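# Chain and residue survey
The primary structure of each chain is shown beneath.
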Amino acid sequence: MTTLVVMSDLITARGPRTHLAAPIATFIAVLLLLSGCTSSTEQSPELRAPAPPLAAVSPDALANAVTLGALMRHLRALETIAEDHGGNRAAGTPGYDASLDYVAGQLRQAGFAVSTPTFDYTRFSVGPVSLRSDASVIDAAAVLEYSPGTAGTTITAPPATIDGLGCTVADYPARTRGAIAVVTRGTCTFVAKARAAQQAGARALIVVNDTGDRLFGGTLGVDNGLSIPVVGVTRPAGDQLRTATSVELRVVAESTRITSRNLIAETTTGSPDNVVMAGAHLDSVPAGPGINDNGTGTAAVLETALRLGPAPKVGQRVRFAFWGAEEDGLIGSTRYVASLDAAALRQIALYLNFDMLGSPNAGYLTYDGDNSTRGAPSPGPPGSGGIERVFLRFFTTFGPTPIPVQPTAFDGRSDYGPFIDAGIPAGGIAAGAEERKTPEQARFWGGEAGKPFDPNYHSAADTVANVNTAAFAVNAAAVAYAVGTYAISIGGPDGVPGPDGRDHHVPVS
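Residues numbered from 1 in each chain as written. Predicted model: local features only at pLDDT ≥ 70, side-chain atom pairs only at ≥ 80, totals over all residues. Heavy atoms only, no water.

On to the overall build of the protein. When you go through the protein residue by residue, the secondary structure sums to 13 helices and 17 strands. Sequence separation of 24 or more characterises 81% of the internal contacts of the protein that already satisfy a separation of 6 or more. Of the roughly 18700 Å² that the protein leaves accessible, carbon and sulfur atoms contribute 52%. (Helix = DSSP H or I, 4+ residues; strand = E, 2+ residues; numbered from the N terminus. Contact = heavy atoms within 4.5 Å. Areas by Shrake-Rupley, 256 points an atom, 1.4 Å probe, with all protein chains shown as cover.)

Pasting the structure below:
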């Protein structure tokens, strides 16, 4: 997951504060005592059966019930799974399947009915691309999505400049056969140009952008029937290629068909017409075990479910989701939302998303449901601002001192995206990804200014040892608090409000 931090004022419901790093430490110390831990690094080596659910549910009680010890046991279990399965838990791998089985086993042992719907998709993996024009390196080449690679070899051939649009075979002269075709972007799709070039006998296709910018975001679509590589270049690079006598191209790219699963578990009590959903992606990237990204979100949602129980005495039904293939483009959550008919979509009152809760250089970020920072083109669906206020209420009232939070834009890069697109109110929290912490953020939250929130993002170093357990404990409590709040009631003046329906945002000077 990546979170685009909107640079804006930090906010707290209790008015301006200027030195909050120390109060955060006090907040965390109290929270750890409530959770039964003696320090923020408390760990227990053994795996245990889930604790019994709460007899009476309230937001505070559920937040206190989610202990750091239980959370860390889930993280260590996921890390062990990765270690036993090639070092990762990526979708479509045995490591992911074992992760899903672990979560399903915990939920079933607690009495939940669990479903694991499958879905298929194509994963596109791209490595280095090397492009030379008469031995001069062209470093502005970009591989179009779902392009074939060059099978470990370098294609060396003369360029064939296409004077027409390159949209039909008739646009390609006889000299195209055995050459690398060079065509200008425009009029028809990339895949139409590529198919025509392939039919004309080209060994590869280079698409020249109509500006000096690199050609990003181009796709050929899945199952395109192509066998030749397709790359894009800037207009200046295209001019250079057209006058060359020889072009060399090497592309590392592969499209793989993947089968993966989501996991869905739902309480049996509460109104089925106002379902509260809470979700986290379960998969990692292939490069590492994915413990912060997103073992932390998984563990927080899982432990919240276990402590809530399958039949709580609450007003709303609660559905827990663990998504597959988020790292490949929100595939699992997108397929899930697409599988629901209009009536089923209307039954979902809101969606809460949790992705990366224990970043080493942590921030305290909540999705900007009302778009108060103008960091997104528009606010989330009506009610999203209320979800933001629920998290703000937690961070400013749950502990002995308030923690300032910062809004972060809905940038569509985590699993809330498909729900927002379907008009479902959404919200959530995060501790930050690869973005760098500002001096202002370091002053309020502690940590190192100028360093990434998570320096181990998408790497083999994303391990249990590198999780900020203090931030994780606070954020996991916030997960449970929000779920508990909405499990009890979703009513209010703006559809899905904060508990008192009022906007608490106060800029920090």
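Picking up after the structure, the text goes on.
Listed in full, the buried residues belonging to helix α6 (residues 235–242) are Ala237, Gly238 and Leu241. Down the axis, α6 shows its buried residues gathered within 100° of arc, on one side only. Looking at the buried positions of α6, the neighbouring elements they touch are β2 (118–133), β6 (159–161), β8 (204–208), β9 (230–233) and β10 (247–261). (Buried < 20%, exposed > 50% of the residue type's maximum accessible area, 1.4 Å probe, protein only. Arc of directions from axis to C-beta.)

In this structure, Leu107, Phe320, Phe322, Leu352, Phe354, Phe395 and Phe472 are the most contacted members of the largest nonpolar core, which totals 77 residues. If we ignore the near neighbours within four places in the chain, the residues touching Phe354 are Ala278, Gly279, Ala280, Asn294, Gly297, Val301, Phe391, Gly428, Ile429 and Val479. Among the nonpolar cores identified, the runner-up in size contains 22 residues, and Phe124, Val247, Val251 and Ala253 belong to it. (Core = buried A, V, L, I, M, F, W, Y, C linked by side-chain atoms within 4.5 Å.)

With that settled, consider the state of the cysteines. By definition, a disulfide links two cysteine residues through a covalent bond between their sulfur atoms. By the definition in use, this model includes one disulfide. Linked covalently through their sulfurs, Cys167 and Cys188 form a disulfide whose S-S length is 2.0 Å. Taking the sign of the S-S torsion, -95° for the link of Cys167 and Cys188, the bridge is left-handed. One end of the pair, Cys167, is in the loop between β6 and β7 (180–184); the other, Cys188, is in the loop between β7 and α5 (190–199), with 21 residues separating them in the sequence. Given a relative accessible area of 22%, Cys188 falls into the partly exposed group. (Disulfide = S-S within 2.5 Å.)

Most of strand β14 (residues 348–354) sits out of view: seven of its seven residues are buried. Inspection of the sheet shows strand β12 (residues 271–281) paired to β14 by five bridges, in the parallel sense. Opposite Ala278, over in β14, you have Leu352 as the bridge partner. In terms of strand pairing, β14 meets strand β17 (residues 426–430) through four bridges, oriented parallel. Bridged to Phe354 within β17 is Ile429. (Pairing = 2+ DSSP bridges.)

Packed helix pairs are characterised by how far apart their axes lie and by the angle those axes make with each other. Between helix α10 (residues 384–397) and helix α13 (residues 469–488), whose axes approach to 10 Å, the crossing angle comes to 125°. Taken as axis vectors, α10 and α13 run oblique relative to one another. When you trace α10 past α13, the crossing you get is right-handed. Within the contact between the two elements, α10 uses Gly386, Ile387, Val390, Phe391, Arg393, Phe394 and Phe395 and α13 uses Val474, Asn475, Ala477, Ala478, Tyr481, Ala482, Thr485 and Tyr486. A class-by-class count of the residues in the contact of α10 with α13 yields eleven nonpolar, three polar and one charged. (Axes fitted to C-alpha atoms, helices over the stretch in contact; angles between N-to-C directions. Parallel < 35°, antiparallel > 145°, perpendicular 65-115°, else oblique. Left-handed = near helix turned anticlockwise from the far one by under 90°. Nonpolar A, V, L, I, M, F, W, Y, C, P; charged D, E, K, R; others polar.)

This next bit is on the confidence of the model for the protein. Looking at the protein as a whole, the pLDDT averages 88, with 87% of positions reaching at least 70. A low-confidence stretch, residues 34–47 (pLDDT under 50), is modelled with 28 contacts involving residues beyond four sequence positions or located in other chains. Residue range residues 492–509 is modelled with pLDDT below 50. Its contacts to residues more than four positions away, or to other chains, number 58 contacts. (pLDDT = per-residue confidence, 0-100.)

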